[in-house]
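Fold and contact review
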Amino acid sequence: MILTAFIAALGQMTDRRFRRVLLLGLALTLALLIAASAVFVWLITGLVGESTTIWFVGEVTWLKDLVSWGSALLLAVLSSFLMIPVASAITSMFLDTVAQAVEDEHYPNLPPASSVPLGDAIRDTVNFLGVLIAANIAALLLYVFFAPAALFIFWGLNGFLLGREYFMLAAMRRVGRKEAKLIRSRNVMTIWMAGTLMAVPLTIPLLNLVIPILGAATFTHLFHLLAPQGSRG
């Protein structure tokens, strides 16, 4: 079932609506990270000032440049770590377009889907971003203490989170939040396994950037395979 959904999604990756969502999500992600980095560096350098007095050394004027470059380097490293969860969360705001493209292509006889209100979509996106970033930061300790299993921990953790999020995105369009949670609870392991299939490419540069699109498409198929026949309209 999972492979059927994944292969069907993979076969539609050239869809122009998929490309549009991908480019929009990447553009907004880069803009957010650049803006956040610029504000952070500006605040740090503002606190340091033009000159600083160091005990036993005296007044120095180079500390501001050192802090500025150090902050920029630190943010570059953090941005590369945060790029995927941020891109995933931002792109999730536009994944209704991906789900609709899948249904137009593979399920043309369905009635129109109910759109998720913008406020709910933004709230879900912010919540997902916060959970995704917090969980991955917390997991850094597990990566250190269980280094041989770090990759499997990463796959399992992100597979659970991605599966949970993408299934809800696909299901709420058709059955609402309450029924979507009920269907998810009945198929926890299947959804987790499918999410893990999405999480594995997260470790592959460039390929990981298309995971939100591929995930939304895969879980749209998976929802139609898992949901009771009478609840898909």
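Report follows, based on the coordinates. What you are looking at is a predicted structure, and each value in this text was computed from that prediction instead of being measured. (Residues numbered from 1 in each chain as written. Predicted model: local features only at pLDDT ≥ 70, side-chain atom pairs only at ≥ 80, totals over all residues. Heavy atoms only, no water.)

1. Digging into helix α6 (residues 150-186)
The end-to-end C-alpha separation of α6 is 29 Å, well short of the 54 Å expected for 37 residues at 1.5 Å each. The largest bend along α6 reaches roughly 120° and is located at V175. (Helix = DSSP H or I, 4+ residues; strand = E, 2+ residues; numbered from the N terminus. Expected span 1.5 Å × (residues − 1). Bend = angle between axes of the 7 residues up to and from the residue.)

2. Thoughts on the pattern of salt bridges
Between side chains of opposite charge, a pair can form as their charged atoms come close. Following the criterion strictly, the structure yields five salt bridges and no others. For E103, the salt bridge goes to R173, with nearest N and O atoms at 3.1 Å. Residue E103 is found in helix α4 (residues 95-106), and its partner R173 is found in helix α6; the two are separated by 70 residues along the sequence. The burial state of E103 is the same as that of R173; both residues are buried. As a salt-bridge pair, R174 and E103 come within 2.7 Å of each other at their nearest N and O atoms. (Salt bridge = Lys/Arg side-chain N within 4 Å of Asp/Glu carboxyl O. Buried < 20%, exposed > 50% of the residue type's maximum accessible area, 1.4 Å probe, protein only.)

3. Some words on the packing of α4 against helix α8 (residues 211-226)
The contact between α4 and α8 brings their axes to 9 Å, and the two run at 50°. One element, α4, and the other, α8, form an angle in the oblique class. With respect to the hand of their crossing, α4 and α8 are arranged in right-handed fashion. Two secondary-structure elements touch here, α4 through L95, V98, A99, V102, E103 and H106 and α8 through P212, I213, A216, A217, T220, H221 and H224. Of the residues in the contact of α4 with α8, the class split is eight nonpolar, four polar and one charged. (Axes fitted to C-alpha atoms, helices over the stretch in contact; angles between N-to-C directions. Parallel < 35°, antiparallel > 145°, perpendicular 65-115°, else oblique. Left-handed = near helix turned anticlockwise from the far one by under 90°. Contact = heavy atoms within 4.5 Å. Nonpolar A, V, L, I, M, F, W, Y, C, P; charged D, E, K, R; others polar.)

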